[in-house]
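# Chain and residue survey
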Amino acid sequence: MEYILGGLGIGLGISILILFNGKILGVSGIIRGFLQNPVAENGWRFSLILGLILSPMLYQLFYDLNTFEILSSPLLLIAAGFLVGLGASLSNGCTSGHSVCGVSRLSPRSILATLIMMGFAFVTFNVLKFIL
Amino acid sequence: MKMTLNITAFLSGAIFGFGLLVSGFYNPNNVLSFFDIFGDWKIGLMITFILSIIISAVAFQIIKNKSLSFANNPVQLPDTKQLDLKLFAGAALFGTGWGIAGICPGPALVLVGSLKIEVVYFFIGLIPGLFLIPIFFRK
């Protein structure tokens, strides 16, 4: 049930942004745009980032926030963040922009990017699990 | 006008984030379980992923041939078609990073709002990563 509600939320969020703002919801591109564009052009990016950051408050109206720990070490988190940032900027998209928006538009670039992203994530996870 | 666009962008982010929270996609441990095909594989996030694609596909179908959105803003859809090395290498690097920690940019912002302080380390890597390329290839 939560998986279905989650899919509805993600799909609805993407739909609102394209139907009203005419923009693709790609979080890596939005963060990058926010950091490099003049303040005057950043209203919608700032609002969207704020919405994402405040979403746990909306969630808490209905559910308790899960307690869990981020288990990766600081060094691994920095390395992971760097690879994710570099990769998203090189391929022009991340999970939201390529794997949800792009795949739903049947963009060949995004479908290929998604298969490669997931393939490498599966391999990396399992290799690390084996050696660590 | 501008105010409307800020409100819709805020709602979009908040509802998208709600979806990440309710599905558990924002929790890196769940994402890593999704990658754990030989162990305790949790395939449930696939349902979330497929459903979000179906709903988005309807929205993109509605907007496809329009030049203005419902709030009269220009519609910007990517028109890049090239399947090049940048795309493949970028996706491979992204996947490697995603497989290490189970965090990608959307969930990272939700983790900030969930006060998971450790996510700061992810951003310390993410932001230089996002800006390294344009220094070498000027766009």
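Above this note sits the structure.
Just so you know, these numbers come straight off a predicted model, no measurement behind them.

## Here's the deal with the overall build of chain B
The helix and strand tally for chain B stands at six helices and zero strands. Considering only residue pairs separated by 6 or more positions, chain B has 42% of its internal contacts joining residues 24 or more positions apart. A total accessible area of about 6,600 Å² is found for chain B, and carbon and sulfur atoms account for 70% of it. A gap of 15 Å separates the mean positions of the 9 positive and 5 negative side-chain charges of chain B.

## Focus: unusual backbone geometry
All names here are of chain B. You will see that N72, though not glycine, has its phi angle at about 60°, which is positive. Tracing the chain through its elements places N72 in the loop between α3 (44-63) and α4 (85-101). Taking the relative accessible area as the measure of exposure, N72 reaches 55% and is therefore exposed. Phi angles above zero are rare outside glycine, and L115 is one such case at about 60°. With respect to the helices and strands, L115 occurs in the loop between α5 (105-113) and α6 (119-136).

## Things to note about the packing of aromatic side chains
The final tally for this structure, using the stated rule, is 12 aromatic pairs over all chains. With a centroid separation of 5.4 Å and an interplanar angle of 80°, the aromatic rings of A:F68 and B:Y26 are classed as edge-to-face. Placement of the pair is A:F68 in the loop between α3 (43-60) and α4 (74-91) and B:Y26 in the loop between α1 (2-23) and α2 (28-35), with the two residues belonging to separate chains. Comparing A:F68 with B:Y26, the two get one shared label, buried. With a centroid separation of 6.0 Å and 45° between ring planes, the pair formed by A:F122 and B:F34 is classed as tilted.

## Points about the packing of helix α1 (residues 2-21) of chain A against α1(B)
The geometry of α1(A) relative to α1(B) is characterised by a closest axis approach of 7 Å and an angle of 160° between their N-to-C directions. Looking at the two axes, α1(A) sits roughly antiparallel to α1(B). Judged by the sense of rotation from one axis to the other, the crossing of α1(A) with α1(B) is left-handed. When grouped by side-chain class, the residues that make up the contact of α1(A) with α1(B) number 14 nonpolar, eight polar and one charged.

## As for the side chain of A:S47
Within the fold, A:S47 resides in helix α3. A residue is classified by how much of its surface remains accessible, and A:S47, at 8% relative accessible area, is buried. A polar contact is formed between the side chain of A:S47 and the backbone oxygen of A:G43, at a distance of 2.8 Å. Excluding anything up to four places from it in sequence, A:S47 contacts B:N6, B:A9 and B:F10.

## What about the nonpolar core?
Counting residues in hydrophobic clusters, the biggest one holds 70 residues, and the most contacted among them are B:F35 and B:W98. B:F35 has contacts with A:A121, A:F122, A:F125, A:N126, B:W98 and B:G99, leaving out every residue within four places of it along the chain.

## Quick word on the interface of chain A and chain B
Each partner contributes residues to the interface: chain A has 98 residues there, and chain B has 103 residues. With both chains or domains summed, chain A and chain B bury close to 9,300 Å², and 76% of this area falls on carbon and sulfur atoms. Summed over the three residues of chain A that lose the most area to chain B, namely A:Y3, A:F68 and A:R109, the buried surface amounts to 8% of that side. On inspection of chain A and its partner chain B, the count reaches one salt bridge. Among the ionic pairs, B:D36 bridges to A:K129, the shortest N-O distance being 2.8 Å. At the level of secondary structure, the elements contributing two or more residues to the side of chain A that touches chain B comprise α1, α2 (27-36), α3, α4, α5 (95-104) and α6 (108-131) of chain A. Per-element accounting of the side of chain A that touches chain B gives the leading share, 20 residues, to α1(A). Grouping the amino acids of the side of chain A that touches chain B by side-chain chemistry returns 60 nonpolar, 31 polar and seven charged.

Calculation criteria
The residue count restarts for each chain, going from 1 along the sequence in the order it is written. Written order decides the labels, with chains lettered from A and ligands numbered from 1. Residue-level local features of this predicted model are given only where pLDDT is at least 70; pairs of side-chain atoms are given and counted only at 80 or more, and the full residue set underlies all totals for whole chains, interfaces and linings. Hydrogens and waters are ignored; side-chain quantities use all the structure's heavy atoms. The numbering of helices and of strands both runs from the N terminus, where a helix is a DSSP run of H or I of at least 4 residues and a strand a run of E of at least 2. Whether two residues touch is decided by their heavy atoms; if any such pair falls within 4.5 Å, the residues are in contact. Every accessible area reported is derived by Shrake-Rupley at a probe size of 1.4 Å, with residue values counting cover from the shown protein chains alone. As used throughout, the charge tally considers Lys and Arg to be positive and Asp and Glu to be negative, leaving His and the chain termini uncounted. To locate a charge, take atom NZ for lysine, CZ for arginine, CG for aspartate or CD for glutamate. Burial classes: relative accessible area under 20% of the type maximum marks a residue as buried, over 50% as exposed, and values in between as partly exposed (1.4 Å probe, protein chains only). To pair, rings of Phe, Tyr and Trp, with the six-membered ring standing in for Trp, must have centres within 6.5 Å; the planes then decide the type, stacked if under 30 degrees apart, edge-to-face if over 60, and tilted in the middle. Only the stretch in contact is used when a helix axis is fitted, and all axes are lines through C-alpha atoms; the angle between N-to-C directions ranges over 0 to 180 degrees. Every angle not falling under 35 degrees, over 145, or within 65 to 115 is termed oblique; those three ranges are roughly parallel, roughly antiparallel and roughly perpendicular. When the near helix sits turned anticlockwise from the far one by under a right angle, the crossing is termed left-handed; a clockwise turn instead gives a right-handed crossing. Here the term charged refers only to Asp, Glu, Lys and Arg, the term nonpolar to Ala, Val, Leu, Ile, Met, Phe, Trp, Tyr, Cys and Pro, and the term polar to all other amino acids, Gly among them. By the criterion applied in these results, polar contacts are pairs of N or O atoms within 3.5 Å in which, for protein atoms, one can donate a hydrogen and the other can accept it, and in which residues neighboring in sequence qualify only through two side-chain atoms. Nonpolar cores were defined as sets of buried Ala, Val, Leu, Ile, Met, Phe, Trp, Tyr and Cys residues, with membership established by side-chain atoms within 4.5 Å. Each of two parts loses accessible area, computed with a 1.4 Å probe, when they are put together; buried area is these two losses added. Here, a salt bridge means any side-chain nitrogen of Lys or Arg that lies within 4 Å of a carboxyl oxygen of Asp or Glu.

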